[in-house]
Every structure is written in structure tokens, then in C-alpha cells.
There are 2 protein chains.
Amino acid sequence: MSDLLERLRRRGWRMTAQRRVVAEVLAGEHVHLTADEVHARAAARLPEISRATVYNTLGELVALGEVIEVTTVKRAKTYDPNAHRHHHHLVCVRCGAVRDVYPTGDPVSDLPSSERFGFTVQEAEITYRGLCPGCSAG
Amino acid sequence: MSDLLERLRRRGWRMTAQRRVVAEVLAGEHVHLTADEVHARAAARLPEISRATVYNTLGELVALGEVIEVTTVKRAKTYDPNAHRHHHHLVCVRCGAVRDVYPTGDPVSDLPSSERFGFTVQEAEITYRGLCPGCSAG
DNA sequence: TCCTATGCTAGACAATATCTAAGTCGGCTG
DNA sequence: CAGCCGACTTAGATATTGTCTAGCATAGGA
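Let us look at the structure shown here. Numbers given for residues are sequential positions, taken from 1 along each chain in its written order. Chain letters start at A and ligand numbers start at 1, both assigned in the order the entries are written. For a predicted model such as this one, the threshold for reporting local features is a pLDDT of at least 70, and the threshold for listing and counting side-chain atom pairs is 80 or more; totals across whole chains, interfaces and linings nevertheless cover every residue. The side-chain numbers reported here are obtained from all heavy atoms of the structure, hydrogens and water having been left aside.

Structural notes on the protein's contact with DNA strand D
This is how the line gets drawn: Residue proximity to a molecule or strand is established when one non-hydrogen atom of the residue lies within 4 Å of it. Any pair of nitrogen or oxygen atoms within 3.5 Å is treated as a polar contact; in protein, a donor-acceptor pairing is required on top of that, and neighbouring residues in sequence qualify only through side-chain atoms on both sides. Helix and strand labels come from DSSP, where a helix needs a run of H or I of at least four residues and a strand needs a run of E of at least two; each type is numbered from the N terminus. Residue type decides the class: Asp, Glu, Lys and Arg count as charged, Ala, Val, Leu, Ile, Met, Phe, Trp, Tyr, Cys and Pro as nonpolar, and the leftover types, Gly among them, as polar.
Among the 19 residues in the neighbourhood of DNA strand D, the closest are listed as Arg14(A), Thr16(A), Arg19(A), Ser50(A) and Thr53(A). Sugar and phosphate atoms constitute 67% of the interface atoms of DNA strand D, taking the interface as everything within 4 Å of the protein. Contact distances for DNA strand D include 2.6 Å between a phosphate oxygen and a side-chain N or O atom of Thr53(A). Note that a base oxygen of DNA strand D is positioned 3.2 Å from one of the side-chain N or O atoms of Arg51(B). Those elements that provide at least two residues to the surface near DNA strand D are helix H2 (17-28) and helix H4 (51-63) of chain A together with helix H4 (51-63) of chain B. With three residues, H4(B) is the largest single contributor of residues to the surface near DNA strand D. The class makeup of the residues in the surface near DNA strand D is seven nonpolar, four polar and eight charged.

Rendered as C-alpha cells:
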């Protein structure tokens, strides 16, 4: 989205072809990509982009809060561009598919203070696990 | 604990010095260790134990349901020996400390069917994030 | 005690992520 | 609108984590 590029520019990001392509790859598909997948898609448009730049750019987007890093059981982290609406994840234990979901209720309020051990709890993130329609049918 | 060793023996595990040491390391400290940390502690007692054996043994313990694999933001997976009481995790975003916690309520029931997208939901795992007493004081 | 399948080892390999040194370029200044 | 500077990018080396292989060792049953 040009929204994203706009916000980044306003935050003093120097706009380069590489950063633009990475941001566009993420904003274009609302799915969870690994760094390598982002690199592959970015390289399709800008063949000489290096892996290091993709990693750097993803790291910056995460630091700016524009993208969320999601760690599942798979080895590689994935990057979720849906950072502006707080949500949780539903993961297929068979094929690894991920969906963003919006449960009701607030898990933080379900953690009694006796279970907080002096921590200042900021947020909670729920990972639902199960089988996706394709995998439970198979 | 010999509890754990007992259960493993009953399940037909061939008991070797290496497996005993790995199981003891996990059962001894109720903390979340990475595979490398398990290897280091195991090697303190049995110097020639190899990394492959530690990985294999941890994988078997996970498959047997005696240990849970926990993936946090850190790169390496950690192994949680508290597998027999379903629980969630409270993580310090600064220092990475992890506590097992038992919230009230059932997150699975908070996911309406309109948010399940045809998935068969089996379980939910909550990661609470915040600052531990030491880090919020600093 | 002996045998055999299972387990162990070192080290190679694979996958993911970060670092480094040198070259490039966005965008401010004049 | 040209020059400059520091932020950005690059290729490739390196680090970290995890898996595989081939041959040796051994637990535990006969």
C-alpha cells in the first residue's frame, strides 16, 4: 500500500528501490511470508536485491511496528503485515497454514495477579492449533 | 525424576547413560532450556555425549509427550519438562525469562465458529508478554 | 555369555540469520 | 543542478541451529 510507504517516509525513512519493493511485497499479499519468500518475490521485481537487505528491511519494519514477526513451529520466522489490528493466529499442525483470527474476550484479564509473579503484563498472543479443512479431509 | 525414567522404561525405552542424563537434566531444573543448554549440562556429567544424541533424545521426549517444545522470539527452540499440566507462558520481553502460568478461562471457547474457517481447533496456547520484576525495576 | 537391533559418535551437511568491508546513491546544501 | 555525506546495499564470509550418515558400541533378551 502507498499508505505504508507514506508512513515510512514521514518517519524519515530514506526511500530506496529495495525498501519500496520489500514493503510492496508485504503489503500486496496479506499472508505470512518467510524472509526467503519475501526475498524471492522481491527479486522477481528487482533481481539484484540481496538477502541481507531483505533481512535488514524486515527488521526495520518490525522495529517500527509496521510488521509483526510470527514464530511458529517451522524453523523460519514469518512476517505478518497485518500489524494495525491486534489479532491472533490459527495454525494447521499438518500443513502449517496460518490464518489471522479475532477471538472474543481478553486473555490478559484471564491471568490473575497471583499468576503474574510481579511481571508487568503488556499483551497476550494466542496460537490456536488444529487441522485446516484440506488436511482434516485428507 | 525417576518418575520420568520409570515411565520411559515402561514404554520400552532402552535405557542408556545418555538418555538418563538428558532426562535428568530436564527433570532437574524446571526451566526452559535450549537444546544447546541441555547438551552443555548433560556434557558436564557425561563429557562424550554428542549433540545428535541430545537432539534425538529431546525429539523422542517430545514425541512421547513428556516434554513440550516452546518457540519464543529467540532463535532456538526451548524444551519445557512441565508437560503433564496444560499451561501457558509468561515471557519477559527484555531478558527473555519464561514462567509457566495457569490463566482462568478457556481460550478455545473464545474463538467463534465464524473465526474458525473450517479448521478443527484442537488447542490454544497463550504467550503473555511483559516485563519481569527485575527488568521493570531497572 | 553372546547376538542383534537399537543407540551413539564425529563430523559433514543444510537451513536460517547476521556481520563485514567496500562500493553506491538519496536527498540536502548551496 | 552538481557535489557531498552518511545512510543504504552488496557479495560473500561467518554464526547459529538443526539434521543426516556411516560405522562403532552396547542394552538387554535368549
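Focus: the protein's contact with DNA strand C
Lining the immediate environment of DNA strand C, one finds 18 residues, of which Arg14(B), Thr16(B), Gln18(B), Arg19(B) and Thr53(B) sit closest. In the interface set of DNA strand C, defined as its atoms within 4 Å of the protein, sugar plus phosphate atoms amount to 68%. The separation between a phosphate oxygen of DNA strand C and a polar main-chain atom of Met15(A) is 3.1 Å. The contact in question runs from a phosphate oxygen of DNA strand C to an N or O atom on the backbone of Lys77(A), over 3.1 Å. Counting residues per element, the ones that place at least two in the surface near DNA strand C are H4 of chain A together with helix H2 (17-28) and H4 of chain B. Here the surface near DNA strand C gets three residues from one element, more than from any other, and that element is H4(A). Across the surface near DNA strand C, the residue classes break down as six nonpolar, four polar and eight charged.

Describing the pattern of salt bridges
Residues and elements named next belong to chain A. Note the threshold: Should a side-chain nitrogen of Lys or Arg be within 4 Å of a carboxyl oxygen of Asp or Glu, the pair is scored as a salt bridge.
One pass over the full model with this rule turns up 18 salt bridges over all chains. Note that Arg11 and Glu66 form a salt bridge whose closest N and O atoms lie 2.8 Å from each other. Taken as a pair, Arg11 in the loop between helix H1 (2-10) and H2 and Glu66 in the loop between H4 and strand E2 (68-70) lie far apart in primary sequence, 55 residues in all. The salt bridge involving Arg19 is made with Glu60; its shortest N-O contact spans 3.1 Å. Remark: Glu60 occurs in helix H4 and Arg19 occurs in helix H2; sequence separation between them is 41 residues. Here the salt bridges do not stand alone but share partners, grouping Glu6, Arg9 and Arg10 into one network.

Considerations on the sheet that holds strand E5 (residues 98-101) of chain A
Rule in force here: At least two DSSP bridges between two strands are required for those strands to pair. Axes here refer to lines fitted to C-alpha atoms; in helices the fit is confined to the stretch in contact. Angles between the N-to-C directions go from 0 to 180 degrees.
An order of E5(A)-E4(A)-E6(A)-E6(B)-E4(B)-E5(B) is seen for the six strands of this open sheet, with the pairing classed as mixed. Edge positions in the sheet fall to E5 of chain A together with strand E5 (98-101) of chain B, since each of these pairs with one other strand and no more. Ignoring which end each strand starts from, the neighbouring axes of this sheet average 25 degrees apart.

Some details on the pairing of E5(B)
Residues and elements named next belong to chain B. Bridge count between strand E4 (residues 88-92) and E5: four bridges; the pairing is antiparallel. Bridge pairing links His89 to Asp100 in E5. Where E4 hands over to E5, the hairpin turn is made up of five residues, of which Gly96 adopts a positive phi near 85 degrees.

Considering the relation of the copies chain B and chain A
To keep it simple, the criterion reads: The fit set for superposing copies consists of C-alpha atoms from residues with pLDDT of at least 70 in both; the fit itself is least squares. Here a residue-residue contact requires only that any non-hydrogen atoms of the pair lie within 4.5 Å.
Superposing chain B onto chain A takes a rotation of 179 degrees combined with a translation of 0.0 Å along the rotation axis, leaving an RMSD of 0.3 Å. The superposition operator between the copies reduces to a two-fold rotation axis. Minimal C-alpha separation from the rotation axis in chain B is found for Ile126(B), amounting to 2.2 Å. Here 100% of the interface residues in chain B have copies in chain A that are interface residues too; the copies meet face to matching face.

As for the interface of chain B and chain A
Selection criterion: Two parts placed together each lose some accessible area under a 1.4 Å probe, and the buried area is that loss summed for both.
Contacts between the two partners involve 40 residues from chain B and, on the opposite side, 40 residues from chain A. Across the interface of chain B and chain A, roughly 3,400 Å² is buried in total on both sides, 58% from carbon and sulfur atoms. Considering only the side of chain B, the residues that lose the most area to chain A are Phe119(B), Tyr128(B) and Arg129(B), jointly responsible for 19% of the buried surface there. Joining chain B to chain A, the criterion identifies four salt bridges. Salt-bridge contacts for Glu125(B) lead to Arg129(A); the nearest nitrogen and oxygen are separated by 2.8 Å.

Some thoughts on the packing of aromatic side chains
Put simply, the test is: Aromatic contacts are taken between Phe, Tyr and Trp rings whose centres are within 6.5 Å, Trp giving its six-membered ring; a plane angle under 30 degrees counts as stacked, one over 60 as edge-to-face, and the others as tilted. Here, a charge over a ring means that NZ of Lys or CZ of Arg falls within 6 Å of the ring centre while also lying within 35 degrees of the ring normal.
Counting across every chain of the model gives zero aromatic pairs over all chains. Above the plane of the ring of Phe117(B) lies Arg99(A), whose end atom (NZ or CZ) is 3.6 Å from the centre.

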